[in-house]
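Spelled out from the first residue to the last, the chains are:
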Amino acid sequence: MALFPVQGIFEGDFVVMLIPVDDADPMSIVAEKVAHHAAGRRVAPQPGALQVRHRGQVLPDTSTVIDAGVAPLDVLQVGYR
Amino acid sequence: MFWRSWHIFALLTGLSMDYYTPLEHRKHSFKEFMNEMVVKQFMDQFRDFGLELPWYWDDHFLKELDWYHHALHLGVWTWRQTAWWNPDAGVSPEERAWLEEKYPGWNDTFGKQWDVITENIRDGKPELTLPETFPMVCNMCQIPLVTPAGFLFGKLDSPEPLIVDRDGRRLLFCSEPCKWVYEQNPERFAGQLTIIDRFLSGVIQPPTVDGALAYMGLSPEEQGQDATNYAWAFVNQPARQIAG
Ligand SMILES: [Zn+2]
């Protein structure tokens, strides 16, 4: 368990943000941590689950930051499925 | 250097012309002003001196005239607590109509983001318009990375910033020209730290927005706030019933 900074982009938002996550967080939590700073703030919330994309690949919800091979300050794109 | 001056100019003049100047006093949009005054003059000068235009002219510079300063405006307004002035939102219904006329596509992109902001203000939730984290920042121009806005506006192929890993350090760039300027002279810029570098290295304590405001020496009285106390969000709106 360690603090892990990533660059988060929420689909429909205008800016790349610094998002502190935990290296043990699964992608379902990472998605919420990114969405917290954009959905309902500048992007209209939608029903439906979120997904995380890393280097063009959708990461499984249960995969952790470490398991997925995410490096510090990698870009994670989060959006609705 | 033209490219870096352009980004600073977009930040200072773009916001002022298209958002802060009252509608009745606007003669040109920022884009019209750039095209008629600056672009033409530069192109004449380049031609007169027999110089070629910089490589980034058409694909980067001219494309950014459509969207870049709109994203910076939204960024400055969002992180307004860090500004030393009180930023106007400049997005009342009439101002929005003008923006859409001057920048077709504004409503479908920036307008949608301002819609959510406006609803939060009307619903009495202005705290949702204040940030709880930081924007990532370009290691060259030091301006927040707004590549997602360029992507939404159809002017960039990807919302992601450019990344260069050099000497164990991860460098981020907002654009190909910023990356190019850096790489022309990496030693010169290596020591230049962004606010995010300072944050990640633990210089800013506590590592929060409040911590950063304190680091910047901004007391609550000095922090920027919406210039009109959100009056723009209520233009042409029926007065809301107070419950109870
Ligand atoms: Zn830049």
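Keep in mind that this is a model prediction, so the values were computed, not measured.

1. Let's talk about the confidence of the model for chain B
When the pLDDT values of chain B are averaged, the result is 93; 98% of them are 70 or greater. Interface predicted TM-score (ipTM) for the complex: 0.97; the corresponding pTM is 0.95.

2. Remarks on the interface of chain A and chain B
A common way to state how big an interface is: give the accessible area lost once the parts meet. Taken together, the contact pairs 23 residues of chain A with 33 residues of chain B. Interface area for chain A against chain B, summed over the two sides, is near 2400 Å², with a carbon-plus-sulfur share of 64%. Three residues stand out in chain A for area buried against chain B, namely Phe14(A), Leu18(A) and Arg41(A), and they jointly supply 34% of the buried area on that side. Here chain A and chain B share two salt bridges between them. Between Arg170(B) and Asp74(A) there is a salt bridge, with the nearest N and O atoms lying 2.5 Å from each other. The interface formed by chain A and chain B holds 15 residue pairs in polar contact (both at pLDDT 80 or more) in total. Of all the secondary-structure elements, those providing two or more residues to the side of chain A that touches chain B are β1 (3–10), β2 (17–22) and β5 (75–80) of chain A. Broken down by class, the residue content of the side of chain A that touches chain B amounts to 13 nonpolar, six polar and four charged.

3. Overview of the pairing of β1(A)
All names here are of chain A. Within β1, six of the eight residues are buried, which leaves the element mostly enclosed by the surrounding structure. Sheet analysis places β1 next to β2, joined by six bridges and oriented antiparallel. Looking at β2, one finds that Gln7 is bridged to Leu18. The turn joining β1 and β2, which pair antiparallel and follow one another in sequence, is formed by six residues; a positive phi near 95° is taken by Gly12. Across four bridges, the pairing between β1 and β5 is parallel. Bridge pairing links Gly8 to Leu76 in β5.

4. Structural notes on the coordination of the zinc ion
All names here are of chain B. Surrounding the zinc ion are the protein donor atoms Cys138 (SG), Cys141 (SG), Cys174 (SG) and Cys178 (SG), at 2.3 to 2.4 Å. Classification of the site at the zinc ion as tetrahedral follows from its four donor atoms and the range of 105 to 115° in their angles at the metal. Counting residues between consecutive donors of the zinc ion along the chain gives the motif C-x2-C-x32-C-x3-C. There is no split in this pair, since Cys174 and Cys178 are both buried.

5. Quick notes on the nonpolar core
The biggest cluster of nonpolar side chains holds 92 residues, and the ones touching the most others in it are Phe10(A), Trp6(B), Phe61(B), Tyr68(B), Phe110(B), Trp114(B) and Trp232(B). With ten residues, helix α3 (residues 57–78) of chain B is the single largest residue contributor to this core. For this core, the two domains that each supply at least three residues are domain 1 (2–131) and domain 2 (149–215) of chain B. Filtering out sequence-adjacent residues up to four positions away, Tyr68(B) remains in contact with Trp6(B), His7(B), Ala10(B), Cys141(B), Ile143(B) and Val146(B).

6. Some thoughts on α3(B)
For the α-helix, the turn length of 3.6 residues means that residues three or four positions removed from each other point alike. In this model α3(B) runs 30 Å from its N-terminal to its C-terminal C-alpha over 22 residues, within 8% of the 32 Å that 1.5 Å per residue would give. Its maximal kink placed at Leu65(B), α3(B) deviates by approximately 60°.

7. Focus on the environment of Met27(A)
Residues and elements named next belong to chain A. The residue Met27 is located in helix α1 (residues 27–35) in this model. A residue is classified by how much of its surface remains accessible, and Met27, at 1% relative accessible area, is buried. Separated by 37 residues in sequence, Met27 and Thr64 place their C-alpha atoms 6.0 Å apart. Sequence-distant contacts of Met27, defined by excluding residues within four places in its chain, comprise Val52, Leu59, Pro60, Asp61, Ser63, Thr64, Val65, Ala68 and Val70.

8. Quick notes on the sheet that holds β1(A)
Residues and elements named next belong to chain A. Strand order in this open sheet of five strands is β2-β1-β5-β3-β4, and the pairing throughout is mixed. The outermost strands of the open sheet, each flanked by one partner alone, are β2 and β4 (57–59). With direction set aside, neighbouring strand axes in the sheet form an average angle of 45°.

9. A closer look at unusual backbone geometry
Residues and elements named next belong to chain B. For the peptide bond that leads from Gln205 to Pro206, omega is -10°, which places it in the cis range. If you trace the backbone, Pro206 turns up in the loop between α9 (195–200) and α10 (209–215). Phi is positive for Asp167, which is not a glycine, with a value near 50°. Turning to its location among the elements, Asp167 is positioned in the loop between β1 (162–166) and β2 (169–173). Judged by relative accessible area, Asp167 falls into the exposed class, the value being 77%. One non-glycine residue, Tyr230, adopts positive backbone phi at about 70°. Among the secondary structure elements, Tyr230 is positioned in the segment after α10. On the basis of relative accessible area, Tyr230 is assigned to the buried category, the value being 15%.

The rules behind these values
- Residues numbered from 1 in each chain as written.
- Chains lettered and ligands numbered in written order.
- Predicted model: local features only at pLDDT ≥ 70, side-chain atom pairs only at ≥ 80, totals over all residues.
- Heavy atoms only, no water.
- pLDDT = per-residue confidence, 0-100.
- Contact = heavy atoms within 4.5 Å.
- Buried area = accessible area lost by both parts, 1.4 Å probe.
- Salt bridge = Lys/Arg side-chain N within 4 Å of Asp/Glu carboxyl O.
- Polar contact = N/O pair within 3.5 Å; in protein donor to acceptor, adjacent residues only side chain to side chain.
- Helix = DSSP H or I, 4+ residues; strand = E, 2+ residues; numbered from the N terminus.
- Nonpolar A, V, L, I, M, F, W, Y, C, P; charged D, E, K, R; others polar.
- Buried < 20%, exposed > 50% of the residue type's maximum accessible area, 1.4 Å probe, protein only.
- Pairing = 2+ DSSP bridges.
- Donors = N, O, S within 2.8 Å, 3.2 Å for Na, K, Ca; no water.
- Tetrahedral: all angles 85-135°; square planar, octahedral: opposite > 155°, others 65-115°.
- Core = buried A, V, L, I, M, F, W, Y, C linked by side-chain atoms within 4.5 Å.
- Domains from an automatic or database assignment.
- Expected span 1.5 Å × (residues − 1).
- Bend = angle between axes of the 7 residues up to and from the residue.
- Axes fitted to C-alpha atoms, helices over the stretch in contact; angles between N-to-C directions.

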